[in-house]
Amino acid sequence: MFTEYTGNRQFDLQLNRYLGPILDRPGMDRLTTSTLARIRSASQIAQFAGRMAARFDAEGDAAAAWRLYFLAAFYLPEHDQRKRHFIDAASRNFDASHTHLAMRRHTVPYKDGSLTAIHWQADPDDRARFPDAPSTLVMMNGFDGYAEEIIDFATHFPTRPFDIIAFDGPGQGHTVLAGMPLEPQWERPTNAVMDYFGIESAAALGVSFGGYLVTRAAAYCPRISHVIAFDMMYRLLDGLTVPLPRPLRAIADAVVANPRPAWLIDAALRTASRLNADLSWKLRQASHLTGLSRPSEVLRAFGDYTMEPLEGLITQPCLVLAGDADQYVPFERLGDVRRALENSASLDVRAFRHAQDPDMAQHCQIGDLDRAFAMMGDWLSGRQPRSGA
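Heads up: these notes are all about the structure in this document. (Residues numbered from 1 in each chain as written. Predicted model: local features only at pLDDT ≥ 70, side-chain atom pairs only at ≥ 80, totals over all residues. Heavy atoms only, no water.)

## Describing the pairing of strand β8 (residues 347-352)
- Taken across its six residues, β8 has five buried, putting it largely inside the fold.
- Crossover strand β7 (residues 318-323) to β8 through helix α16 (residues 334-340) is right-handed. (Buried < 20%, exposed > 50% of the residue type's maximum accessible area, 1.4 Å probe, protein only. Helix = DSSP H or I, 4+ residues; strand = E, 2+ residues; numbered from the N terminus. Right-handed = clockwise from strand over helix to strand, strands pointing away.)

In structure tokens form, the structure reads like this:
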């Protein structure tokens, strides 16, 4: 269930994302009805989550602590010393809470550095029950996640007949913390991961911004057998413009497409970001991922992340999820996504509208992950027909 804790869409998305699995902990009901309602800033979220993470850590509840440490780090800039501390604590608690699973960390060599990957072995009984399922599922990170969070999404699959590999590519999670910036040729880190694990064929699932990255990888990596965009993302730059009133989006798109004069764009965005917490975080995170300091440079770099040049290149069966309450992706982009995937072997689109299905209409269907992963698991395992759309 998607809960509006603060009334700020950006804050509420992250609070639902991290708190949803631990609402059954003692005292959480009181916090969600009182403390969270008073939150008005990103710094308050960091303080709240940091205190709660330390409490659960001290109590030995590693499963709750790792989520709260990630939330505490979420809005902190990369130069804040607390961020690295929180991330390290999150990873430590994640490992402690998953020792009972056939799950292992890996370091994948890539260029002059390495990528963080986590491998979770298939359930043998599920693999025997669903022989038509792909043997491996590669899960791709997005704009602000870590490999631990991505592999944890997989716990929502009702069955697990495939090995699952989640990784932080360039510009993501642990990899960007180590200094490796984002790069558009996503087939390169994808191939590096598949080579490392000796994979000849695998399905691929992209989370959030990964919903774009998975299509880019599929266009140039024939070893990808099936594509899931969870959920759709046609163009990364939409994340900056979609919060604007619809009449202003065309003007903003024109500026984004040609961010000149650079000095004026830089000044305007820095001023605007001081007035808008969502934009401030997006620009800071974008700078962190790309290694670029000026907003105009970030806009130009983000222009490379669009499905437009991929039209006709993706031939695998595709499943696309989309919601009309998505705060990052305009629902009207669904037509562009269909066009880009017109040569796919099959295209199954699951579109959700807030009026009928408010939990599934959110970004990455965050209000009902069990249902979303049941749909994706059924599609991968062949338990329902893959339909054209």
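## Considering empty space enclosed by the protein
- The final tally for this structure, using the stated rule, is five cavities of 30 Å³ or more.
- As a volume, the largest cavity reaches approximately 190 Å³.
- R17, D144, V207, S208 and C364 are, among the 16 residues lining the largest cavity, the residues nearest its centre.
- Mapped onto the lining of the largest cavity, the elements with two or more residues apiece are α1 (9-19) and α7 (147-153).
- Per element, the largest residue contribution to the lining of the largest cavity is three residues, and it comes from α1.
- For the lining of the largest cavity, a count of residues per class yields eight nonpolar, six polar and two charged. (1 Å grid on protein atoms, 1.4 Å probe; cavity = no way out; pocket = protein on both sides within 12 Å on 5 of 7 lines; lining within 4 Å. Points joined across faces, edges and corners; volume = space filled by probe spheres on them. Nonpolar A, V, L, I, M, F, W, Y, C, P; charged D, E, K, R; others polar.)

## Focus: the layout of surface pockets
- Put simply, the second largest pocket is a space of about 210 Å³.
- For the second largest pocket, the lining is made up of 13 residues, of which M1, N16, G20, I366 and G367 are closest to its centre.
- Looking at the lining of the second largest pocket, the elements with two or more residues in it are α1 and α17 (369-381).
- Tallied by class, the residues present in the lining of the second largest pocket amount to six nonpolar, four polar and three charged.

## As for the sheet that holds strand β3 (residues 136-140)
- Taking strand neighbours across the sheet as the criterion, the eight strands line up as β1-β2-β4-β3-β5-β6-β7-β8 in an open arrangement whose pairing is mixed. The open sheet has two free edges, formed respectively by β1 (103-110) and β8, since each of these has just one partner strand. Neighbour-to-neighbour, the strand axes of this sheet turn through a mean angle of 20°, independent of strand direction.
- Examined bridge by bridge, β3 and strand β5 (residues 202-207) share four bridges and lie parallel to one another. Within β5, the position partnered with V138 by the bridge is A204.
- Sheet strands in contact with helix α9 (residues 187-197) are β1, β2 (113-120), β3, β4 (163-168), β5 and β6 (224-230), and its direction is about 120° off that of β1.
- Seen against the sheet, α17 touches β3, β5, β6, β7 and β8 and runs at an angle of roughly 160° to β6. (Pairing = 2+ DSSP bridges. Axes fitted to C-alpha atoms, helices over the stretch in contact; angles between N-to-C directions. Contact = heavy atoms within 4.5 Å.)

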